[in-house]
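Each chain is listed here by its residues.
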Amino acid sequence: MTKLFPAVQLLQRYDNKVELQLDIQADITYFEGHFPNAPVLAGVTQLHWVVEYCKQYFPQLTAVSSVEVLKFQLMIRPNDSLTLLLERTADATVLFSYSRQGSKVASGRLKWALL
C-alpha cells in the first residue's frame with residue numbers, strides 16, 4: 001500500500017490557525033530513492049503537504065497563486081515528529097512552519113485564490 005502522508009494529530013484549531021503533529025514514518029513513499037542510504041523528505045513534498053492540509057482545514061482556499069519566502073532550514077528524516085503550524089491571514093495568505101523540538105525546520109508563505 002502506498003503511504004503518501006504522515007500520521008496526523010490535531011493539536012489546536014482556531015478559525016484561522018491550525019497546529020498539527022506529524023509523525024513521519026519511514027515507510028512514506030516519498031523517502032524512496034531520496035536518498036537510498038540517507039533518506040530525507042524533499043522540500044516539494046513538504047510544500048505539497050502544506051497545500052493539502054490548508055485545503056482540508058481552510059476549504060475556502062482553492063488554488064495556490066504564489067509561494068513566497070520559502071525556507072528549508074533542517075532536513076526531515078524518517079521517524080521525525082514535527083509540528084506544523086498553519087496560520088491564515090485576512091488577505092488569503094497562509095503562513096506555515098514546520099518545527100521539531102522547538103527548532104524551525106521549514107517555513108514559508110502561500111498566497112491563495114478564493115472561492
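This text follows the structure it describes.
Residues numbered from 1 in each chain as written. Predicted model: local features only at pLDDT ≥ 70, side-chain atom pairs only at ≥ 80, totals over all residues. Heavy atoms only, no water.

(A) How the structure looks around the pattern of salt bridges. Taken as a whole, this structure holds four salt bridges when the rule is applied. Across the salt bridge formed by Asp27 and Lys3, the nearest N and O atoms sit 3.1 Å from each other. Residue Asp27 is found in the loop between β2 (17-23) and α1 (43-57), and its partner Lys3 is found in the segment before β1 (7-13); the two are separated by 24 residues along the sequence. Of the charged contacts in the structure, one is a salt bridge between Asp80 and Arg100, with a shortest N-O distance of 2.7 Å. Of this pair, Asp80 sits in the loop between β3 (61-72) and β4 (81-89) while Arg100 sits in strand β5 (residues 93-100), and the two are 20 residues apart along the sequence. The exposure classification of Asp80 matches that of Arg100, with both residues buried. (Salt bridge = Lys/Arg side-chain N within 4 Å of Asp/Glu carboxyl O. Helix = DSSP H or I, 4+ residues; strand = E, 2+ residues; numbered from the N terminus. Buried < 20%, exposed > 50% of the residue type's maximum accessible area, 1.4 Å probe, protein only.)

(B) Region of interest: the nonpolar core. The biggest cluster of nonpolar side chains holds 28 residues, and the ones touching the most others in it are Leu84, Leu86 and Tyr98. Looking at this core, the elements that each hand over two or more residues are β2, α1, β4, β5 and β6 (103-114). Here this core takes seven residues from α1, the largest share from any one element. Ignoring sequence-local partners within four residues, the contact set of Tyr98 consists of Leu22, Gln46, Trp49, Val50, Leu82, Thr83, Leu84, Ser103, Lys104, Val105 and Ala106. (Core = buried A, V, L, I, M, F, W, Y, C linked by side-chain atoms within 4.5 Å. Contact = heavy atoms within 4.5 Å.)

(C) Focus on the packing of aromatic side chains. Applying the stated rule across the entire model yields three aromatic pairs. Plain terms: the ring middles of Phe5 and Tyr53 are 6.0 Å apart, the flat faces sit at 65 degrees to each other, and that makes the pair edge-to-face. Highlighted residues: Phe5 in the segment before β1 and Tyr53 in helix α1, separated in sequence by 48 residues. Taking the relative accessible area as the measure of exposure, Tyr53 reaches 5% and is therefore buried. Ring plane angle 80 degrees and centroid distance 6.4 Å describe the contact between Phe96 and Tyr98, whose orientation is recorded as edge-to-face. In this structure Tyr98 comes out as buried when scored by relative accessible area, which is 0%. (Phe/Tyr/Trp six-rings, centres within 6.5 Å; stacked < 30°, edge-to-face > 60°.)

(D) Structural detail: the pairing of β1. Both β1 and β2 contribute to a ladder of six bridges, which runs antiparallel. Paired with Arg13 across the two strands is Val18, which belongs to β2. From the end of β1 to the start of β2, which pair antiparallel, there are three residues. (Pairing = 2+ DSSP bridges.)

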